[in-house]
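Residues per chain, in single letters:
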Amino acid sequence: ACSGDEDESAEEVDATESSESDGEETDGSEGEGDSEASGESAGDQVLVFARGGDSESLDYASTTDGESSRVTKQIYESLLDFEKDSFEVKAGLAHDWEVSDDGLTYTFMLEEGVTFHDGTDFNAEAVKTNFERWADPDHEFAFTDDGYVYSMYGTMFGGFKGDEGHVIKEINVVNDHEIEFVLNQPLGFFLQNMAMSYFAITSPQALEEHGASINENPVGTGPFKFVSWSKDDSIVLEKFEDYRKDGLPKLDEVIFQVVPDNAARLIALRSGEIDIMDGLNPDDAAGIEQEESLVLHTRAANNFGYLGLNTQKEPLDDPLVRKAINHAIDRSAIAEALYAGYAQPAVNPVPPGYLGYNDELELYEYNLDKAKELLAEAGYEDGLEIELWTMPVARPYMPDPETVSEIIQNDLGKIGITAQIVREEWAPYLEKTAAGEQELYMLGWSGTNGDPDYFLSSLLHGSNAGSSNRSFYKNDEVDKLLDQAKRAVDQDERADLYKKAQEIIYEESPMIPLVHSEPVLATSSDVKNYVPHPSTSESLAEVELDR
Amino acid sequence: MTEPILEVSHLKKYFDIKGGVFGKSVGEVKAVDDLSFTVNEGEILGIVGESGCGKSTAGKSILRLIEPTDGSVKFEGTDLTDLTSEEMRQLRKNMQIIFQDPYASLNPRHKVERIISEPLLVHGMKSSKERKERVKELLEIVGLEAYHASRYPHQFSGGQRQRIGIARALANNPKLIICDEPVSALDVSVQSQILNLMEELRDKFKLTYVFIAHDLSVVKHISDRVGVMYLGRMVELTDKHTLFEDPKHPYTRALMSAVPIADPDVERERIILEGDVPSPSNPPTGCAFHTRCPYAMDICKEVRPEFENVDDKHLVACHLYN
Amino acid sequence: MHKEEKQDTQQAVANPPNKRHQMNSEEIEETTPLKETLQQLRKNRMAITGFLIIVFFLILGIFAPVLTPYGFEDQDPVNRLLTPSAEHWLGTDNLGRDIFTRIAYGARISLYVGFFAVIGALIFGTLLGIFAGYFGRWIDMLISRIFDILLAFPSILLAIAVVAILGSSLENALIAIAIINIPIFGRLVRSKVISLREEEYVLAAKAQGMKNGRIIWYHILPNSLAPIIVQATLGFGTAILEAAALGFLGLGAQPPTPEWGKMLADSRDFLQLAPWTLIFPGVSIMLVVLGFNLIGDGLRDALDPKMKS
Amino acid sequence: MSEPILTVQDLHTHFFTDNKEVPAVDGVSIDLHKGEVVGIVGESGCGKSVTSLSIMQLVPNPPGKIVNGNIYFKGKNLTDASEKQMRKIRGNEISMIFQEPMTSLDPLFTIGNQLIEAIRIHQKVSKKQAKSSAIELLNLVGIPRASEVVDEFPHQLSGGMRQRVMIAMAMSCDPEVLIADEPTTALDVTIQAQILDLMRKLNKEKQTSILLITHDLGVVAEMCDRVVVMYSGKVVEEGTVREILKDPKHPYTKGLIRSLPNIKATDQKLYSIPGTVMRPSLDQVGCRFAPRCDYAFDRCWEENPELLEQDTGRQVRCFLYEKEIERGVPSNDRTYS
Amino acid sequence: MLAYTSRRLLMLVPVLFGMTVITFSIIHLIPGNPAQTILGETATEEAISNLEETMGLNRNYFIQYTAYVGDLLQGDLGTSLRTKASITSEIGPRLAATMELTFFAMIFAVFIGINAGIISAWKQNSWFDFLAMVFALVGVSMPVFWLALMEQWLFAQELGWLPAYGRQESRNPIDPITHFYVIDSILHMDMKQLITTLKHLVLPSIALGTIPMAIIARMTRSSMLEVMKSDYVRTIRAKGSGQFLVIYKHALKNSIIPVLTVIGLQVGVLLGGAILTETIFSWPGIGRYVYEAINYRDYPVIQSGILVIAFLFVIINLVVDLLYAFIDPRIKY
Ligand SMILES: Nc1ncnc2c1ncn2[C@@H]1O[C@H](COP(=O)(O)OP(=O)(O)OP(=O)(O)O)[C@@H](O)[C@H]1O
Ligand SMILES: Nc1ncnc2c1ncn2[C@@H]1O[C@H](COP(=O)(O)OP(=O)(O)OP(=O)(O)O)[C@@H](O)[C@H]1O
Ligand SMILES: [Mg+2]
Ligand SMILES: [Mg+2]
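Criteria and cut-off values
Residues numbered from 1 in each chain as written. Chains lettered and ligands numbered in written order. Predicted model: local features only at pLDDT ≥ 70, side-chain atom pairs only at ≥ 80, totals over all residues. Heavy atoms only, no water. UniProt positions renumbered as here; feature names shortened; annotations may be inferred. Helix = DSSP H or I, 4+ residues; strand = E, 2+ residues; numbered from the N terminus. Contact = heavy atoms within 4.5 Å. Buried area = accessible area lost by both parts, 1.4 Å probe. Salt bridge = Lys/Arg side-chain N within 4 Å of Asp/Glu carboxyl O. Near = heavy atom within 4 Å. Polar contact = N/O pair within 3.5 Å; in protein donor to acceptor, adjacent residues only side chain to side chain. Areas by Shrake-Rupley, 256 points an atom, 1.4 Å probe, with all protein chains shown as cover. Nonpolar A, V, L, I, M, F, W, Y, C, P; charged D, E, K, R; others polar. Axes fitted to C-alpha atoms, helices over the stretch in contact; angles between N-to-C directions. Parallel < 35°, antiparallel > 145°, perpendicular 65-115°, else oblique. Left-handed = near helix turned anticlockwise from the far one by under 90°. Domains from an automatic or database assignment. Phe/Tyr/Trp six-rings, centres within 6.5 Å; stacked < 30°, edge-to-face > 60°. Buried < 20%, exposed > 50% of the residue type's maximum accessible area, 1.4 Å probe, protein only.

The name an unreviewed UniProt entry assigns to chain E is ABC transporter permease, from the organism Allobacillus salarius. Its UniProt record gives chain E the following Sequence similarities (unreviewed entry) comment, quoted word for word: "Belongs to the binding-protein-dependent transport system permease family." A UniProt comment under Subcellular location (unreviewed entry) is attached to chain E, and it reads "Cell membrane".

If you check an unreviewed UniProt entry, chain C appears there as ABC transporter permease from Allobacillus salarius. In the Sequence similarities (unreviewed entry) part of its UniProt record, chain C is described as follows: "Belongs to the binding-protein-dependent transport system permease family." We quote the UniProt Subcellular location (unreviewed entry) comment for chain C here in full: "Cell membrane".

Here's what the structure looks like:
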């Protein structure tokens, strides 16, 4: 039933786009004429997207870096796609799909007449090659020897070829334009996975040709073709004339410019040197809203930072203490101080708007008296000392971990908990927290496929204790609920299960969700049709400049 | 004559010229090259030579302030080159040195008291009262006053500093003092004060001096015997009257004729040597002086002349006499 | 140089009318090298300025708790990024902390780092330099090569390498700074020792039968002191700059330590909104370093007769 | 006697250091005639170099300054001359060579380059011409391989050679006056003999007047016609070589000569002047030598003696001779023998 | 000269050896497992051990070091953990960017520094001298990064005179040939591009060059004063030459020798300062490469970046030493 909806909406989009495109083309030619007359450089439709860091790799499956997907999103396409501003799944390279009743077989109908940027045809065989490359470390295009690891594939599909939990049993090419995935066990978010930009299709010929340097020579089917990459400086993409959707993309060229310094980036935006600036300092947002030539955008929250509590260690094994701490943290202060309000205090370990987000639960009240009471009840009326491990690196969910740790330290001090800040390098931090050496610790999680399982199971399923479940939270009830939800194919059923799980977690406080950050970014007011996607990357196919 | 107190035989000191990769030595400066002489107890042996001919190096090598490359130095019969550094240290009591530069040879950060009492302490005078007494005594011996002990060297004039240096050298009643150009940095009027003082001290304490200088008249004035050095070797050695009246080596003769005399009536035949002193890092073959010698013969270029007695106790290294 | 000294002496022993044939020593001022240096310094206006600056920051650091009602960690999110005012003399930062307070406490850190890094470098550098210079041969060879290698790295990079290995913290930054300064002191001392080793008063000490240890301690070390002191003073300044640079790179002091470099790094995003969060810590660093440089210059003039003009 | 070519008249050159005024040259007068060699002797620091630098107008300023006196060169007063005029005279009409041959040549330029520069400052000749005259000059001062030496650097030459180069440079424009400030002090005796020989030759052949500064009475005896003895910034005695060396009058000169160990003299205890030279000072009253003088009497401490002059040009600055000189007694050796 | 050159070259060997030992240690002495660092918070144990295997992290140090040096000799600096790209290829353009920046910073420092030093020495104790020396003192006391920030604030933001980031206009990127954009724009004969490139160079060069400039000015002044007091300058003046000849021919050449040493050493300050300046001005150079690597704990890049910069520094000092011998004939072997 689901698939039909998707199909329709995709067609609608097509229709509108093609109708717009006519006008656009004429616009474009006019623009060119103008620019030649005024001696300006090639065309108006050159968009400069400035961001804080460079991409790590343009072979997205082999990294987990957001700055990479921002670019690969333009070059590559996956079988499915997400809606513009949410994680709802729609058609991608596959215009249609079917799921067997047992949830074990998925069949995708692929678009026809699609070519890769290198001119080769996109077909079922190409899809198969790509998936096998990720699944099988021994595959000729896996480039294991060159350090390629497709960790996100492993995470999303339960491991790699030969692993016990690996869900994809086989991939069958039905014909050139039809491909069938057979699973070992049902996976509630299989379709979500297929829409992730990690699993976008690369031209097999390019893999052949470029080998391990495919990360610097991306060849996909997306709206933009790769032109050049000057490391730590800029990546230039140009319009792919044979893009499968008529009239798109509208821009002639997209330049991803790296400007690490926030202040410099904003200066550049104001002076018109760049068109879109990512990673706006939230404190500057208020000012930007006042400026006519600039437009402020917010990205929907898709992550959360948390204060983890090692439930295995005294005194954190006592739920009372955990609750006391929960009451002592002033989340709104954090949201205010660090995000200038562009963040929501977090209740659940899932971003709002996600399937099964439990909005009946209310924020733990910031109440020092109550916290002290709980603490006294637990037998710590004289306060206690505790270690607070703080992350050494900034992450999107925690842009300034040091400051957050300072705030937390400050808050805990008010209820008599003396927090000793512990610093470790990133690698030992991850190793040691996974081994359970920590007491309080800070970490966070970002969504990728828009499914709550990725948050809840990873972080709180008992089987993950000692790896991604660093709170060592083990609750059979929760585990059962999560397992059921993972297998269920019906989304409503899944939602219910997740809500239940969240209730238990809320009560037990194995982690204290702090905030869901809503990244702000600014564009020049010339930029039209730009919609930031919660996943950090959005296609710029429909964006155009109106100067 | 008494026993020789110091016997130097075939003393050599070559300095490495550092260079090449990893500071390997790429050559040698033959600063002292086969030097032999003896000094008798109570005498003053003068050594003259032009700058760079190895006088100071010889002096320092004798005392093992720098380690000689080869040869032996016997002091009262003991071969110094065989001693361990601790034995040598003990022996230093008996042999002292006075340096040329009165400004550089006193530690500018120590008071005179300290400078003079240090050798006392080193050689076992533990009581500080005793040392104080001795310092006072020494200062008076060299013609300074007791209150000078609390001064720093820079508060003295050159001549006074040289006196302090002398007091220091005298501290442990040494037998032998090597004087490395002790007066050449001083003004003439002050120079004579020091020369007189040194003579007095010699008589008073029965000292033996090796007196190094480049000024022939100074050497002549103070010494009993005089040795002339050229390019690391001794070319002539005899008692001073013989030397000044009957110099044998062509170099000695040239040297003497070159010394200006402050007497307008003296008319001399001037021997003006051609060219410069060759570099000790690349000394001429054969007789080192042959490049400038007015009497050079073929043999001089090839064979190094022996340092031999030509007359009674008149040693010369020259083919003209052998 | 000698000539100059000579002339000084001659002047010092100017004769009074009724003392004949004698240096009138009574008139000589009882000066010691230390006294002379201090006198020279007192005449140097620049050095005095430097001294005052350092004293100012010392007082600031020592009396920080008395001078401000705030603590350096006290956050006040409501009053964040305030402009300088009577309440907050230098404004507040993004967590609402009082910048003046943080700068005052920061003075402690900078002076602490400068002091200990320099002391550490000085001790090790001097020891190594003395060994290399006095004993020569393979010891010298070895030590000098190590110095060469350390000096082949631009200093901040070497510090980064050290901190990368040790982990980032103020203490490790201090160690890193000490390490990068070791060869600087070492070389200086080595060359000084080598030249002193040939000095006649050292030879004289040896000639008197003094032992090596004594010679080093009493003759070589005191006379190498002048350049060491000058270098140490200037080194204070560089050490503080280096610590700030490491702090700025996030490799030095960790929050909430109010280290000046770190403060700058933390406020970088507020360059437009709140420039004062950047101006004041920067000016503080500059002033302290300037102070040490002024004193160092003055000391050099006072201690090194060659530089006198 | 003819007009002197160079006359220094009551020259006062003071140094201003550390808020003190030091009269390094305190009323010096010297005449130099054509073809004459005049020696200035005196102990270290007595103002010999400052006198010569004053003549060249090269006293470092600050701290030094000619505060009084005139210097006439061929009738022109150099103390009034502009820097530009002085430049025309320096190296052209009056040349100077210095004590330290090792450091007096620019180490970074070839000998030829520096000689050519000297020539071309004053003569309008091409580089090529200048180079050939440079080689000529080097030959003149007795440098072997002159045509190679022009392309060598100072460090490749020995001290004696460098001093020859300095002389060649000084002679490049055939100056009328050569001021030589201790030209041989840094050299060995055998080399000194060579250099003195060369200077004598130049003096004879070119009739160059030489003002020879030295502290070595032996050098004076060999080179000079007349001698000026300085003590602590003042001329204490002046006369011909013979007069000064054979019949010194001033107690200082006498002491100086007697304290010399003489290569010809027999063994005897040396005389020594007690005390040390002192730095000139403005506060000083009385005779500067009084503190060291065996014959000083009360007046010497109170009054500064005038320079007494005999008809012959013999001068001495000592109270002991007031009467005798007034009486015109030419010489007197009453006190010393 | 040839002997001297080869001697200096051979003296580099132990230094280079020591340098590689130090950079090698970086990756092996850091706390924690590098493999964990790469894979981040979602890594499985298996993935970590796989990576260890491929990186050879479990062999003994000596073998690893030999392999490391072997790779270095073949120009292989390893692979970036973050981008999986070959560091050698990534570092090339960045090196060019850094060299261009440091070159201009040096030009700025040397030109202003030496001239200010000369004038100060010439007009000793004048108001110019005083001001220049106060300025120089303040200059040496300033943290580079702070100066960079202040410049950015004042000239890019408040006044808007100069660009705040990068080497070129994003919209009008240069087609790199040599990656030295000044040279490239000249090769393209693109005047406008050249001006843009130079404009981008102004602020970072000044920020980076100020400290060396101040030091050079001070050094030049004192060295000049020293030389002016020397015997040979007195000789030259006694020859009758004018002040100008004395200063610009003799004094300058002589005083440049100690200044040259300082310049060589200041290159180190520049290269070190590049880490800070490049970050602030978004200059895609090797300094920022290292900075980002620090943030991501990309140790192979930190390691290689440090090695390459140190190598550059060593080479520049070698050149300075050779230049030295060229200027000063006394240096023979
Ligand atoms: N430490 C050293 N290393 C290398 N060469 C040296 C060393 N000391 C002296 N020489 C060389 O040895 C030679 C003799 O030097 P020495 O000092 O003994 O001469 P000298 O006769 O005392 O001269 P002077 O009269 O100048 O004091 C000189 O050529 C000198 O350059
Ligand atoms: N640059 C200077 N600054 C200060 N005082 C100076 C300077 N040059 C010379 N004097 C003073 O002038 C006096 C005379 O110095 P001068 O150099 O003329 O002596 P001298 O007779 O040439 O001595 P020497 O034989 O040592 O060369 C000295 O007492 C010295 O103090
Ligand atoms: Mg000697
Ligand atoms: Mg003189």
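Here we take up the UniProt feature "transmembrane region" (unreviewed entry) in chain E. Residues and elements named next belong to chain E. Here the UniProt feature "transmembrane region" (unreviewed entry) sits at residues 9-30, 101-118, 130-149, 201-220, 256-281 and 301-327. Note that residues 201-220 is 100% helix and 0% strand, and that its end C-alpha atoms are spaced 25 Å apart. Between the C-alpha atoms that bound residues 256-281 there is a distance of 32 Å. The span itself is 96% helix and 0% strand.

Between chain E and chain C, the contact holds 46 residues from the first and 45 residues from the second. For the pair chain E and chain C, the two sides together bury roughly 3800 Å², of which 79% comes from carbon and sulfur. Scanning the region where chain E abuts chain C turns up one salt bridge. Notably, a salt bridge pairs arginine 218 of chain E with aspartate 297 of chain C, separated by 2.9 Å at the nearest N-O pair. Residue assignment for the side of chain E that touches chain C shows that the elements contributing at least two residues are α1 (2-29), α6 (127-141), α7 (144-158), α9 (191-228), α11 (243-280), α12 (286-296) and α13 (299-327) of chain E.

It is worth spelling out the site of ligand 1 at this point. Residues and elements named next belong to chain B. Neighbouring ligand 1 are 13 residues, the closest being Gly52, Gly54, Lys55, Ser56 and Thr57. The separation between an oxygen atom of ligand 1 and a polar side-chain atom of serine 56 is 2.5 Å. Contact distances for ligand 1 include 2.4 Å between an oxygen atom and a side-chain N or O atom of threonine 57. Coverage of ligand 1 by the protein chains reaches 65% of its 630 Å² of free accessible surface. Counting residues per element, the shell around ligand 1 draws most heavily on helix α1 (residues 55-62), which supplies three residues. Here the residues of the shell around ligand 1 are counted per class, giving five nonpolar, five polar and three charged.

Residue-level contacts link 31 residues of chain C with 40 residues of chain B. Joining chain C to chain B, the criterion identifies one salt bridge. The salt bridge involving arginine 214 of chain C is made with glutamate 118 of chain B; its shortest N-O contact spans 3.8 Å. Linking chain C with chain B are 14 residue pairs in polar contact (both at pLDDT 80 or more). For the side of chain C that touches chain B, the secondary structure elements donating two or more residues are α1 (2-12), α2 (33-43), α9 (200-207) and α10 (212-248) of chain C.

Residue and element names in this part refer to chain C. It is at 9 Å that the axes of helix α8 (residues 170-197) and α10 come closest, and there the two elements cross at 155 degrees. On the basis of the axis angle, α8 is roughly antiparallel to α10. Between α8 and α10 lies a crossing whose hand is right-handed. On α10, the residues that touch Ala173, Ile177, Ile180, Asn181, Ile184, Phe185, Leu188, Val189, Lys192, Val193 and Leu196 of α8 are Ile220, Asn223, Ser224, Pro227, Ile228, Gln231, Ala232, Ala239, Glu242, Ala243 and Leu246.

Let's shift gears to the domain arrangement of chain E. Residue and element names in this part refer to chain E. The domains assigned to chain E are domain 1 (2-73) and domain 2 (94-327). Look at where the C-alpha atoms of domain 1 and domain 2 centre, and you get two points 32 Å apart. Counting residues at the interface gives 17 residues for domain 1 and 16 residues for domain 2. Between domain 1 and domain 2, a total of about 1500 Å² is buried, with carbon and sulfur atoms accounting for 82% of that surface. On the domain 1 side of the interface with domain 2, the three residues burying the most area are Tyr4, Arg8 and Met19, jointly 30% of the side's total. Linking domain 1 to domain 2 there are zero salt bridges. Here domain 1 and domain 2 share one residue pair in polar contact (both at pLDDT 80 or more) between them. Broken down by secondary-structure element, the contributors of at least two residues to the side of domain 1 that touches domain 2 are α1 and α4 (61-73). For the side of domain 1 that touches domain 2, the element with the highest residue contribution is α1, accounting for 13 residues. Per-class residue counts for the side of domain 1 that touches domain 2 are twelve nonpolar, four polar and one charged.

Another point: unusual backbone geometry. Look at the link from leucine 248 of chain A to proline 249 of chain A: it is a cis peptide, with omega at -10 degrees. Tracing the backbone shows proline 249 of chain A in the loop between β9 (234-239) and β10 (253-258). Residue proline 315 of chain A is reached from glutamate 314 of chain A by a cis peptide bond, and omega for that bond is -5 degrees. Mapped onto the elements, proline 315 of chain A comes out in the loop between β13 (303-309) and α9 (319-328). A positive phi angle is found at serine 232 of chain D, which is not glycine, with a value near 50 degrees. With respect to the element layout, serine 232 of chain D can be found in the loop between β9 (226-231) and β10 (234-240).

Another aspect to go through is the packing of aromatic side chains. All names here are of chain A. Enumeration over the complete set of coordinates arrives at 56 aromatic pairs over all chains. Measuring from ring centre to ring centre gives 4.4 Å for tyrosine 106 and phenylalanine 190, while their planes differ by 35 degrees; the resulting arrangement is tilted. Of this pair, tyrosine 106 sits in strand β5 (residues 105-110) while phenylalanine 190 sits in helix α5 (residues 190-195); the two residues are 84 residues apart in sequence, bridging distant segments of the chain. The same class applies to tyrosine 106 and to phenylalanine 190, which are both buried. For the ring pair tyrosine 306 and tyrosine 441, a centre distance of 5.8 Å and an interplane angle of 90 degrees mean the geometry is edge-to-face.

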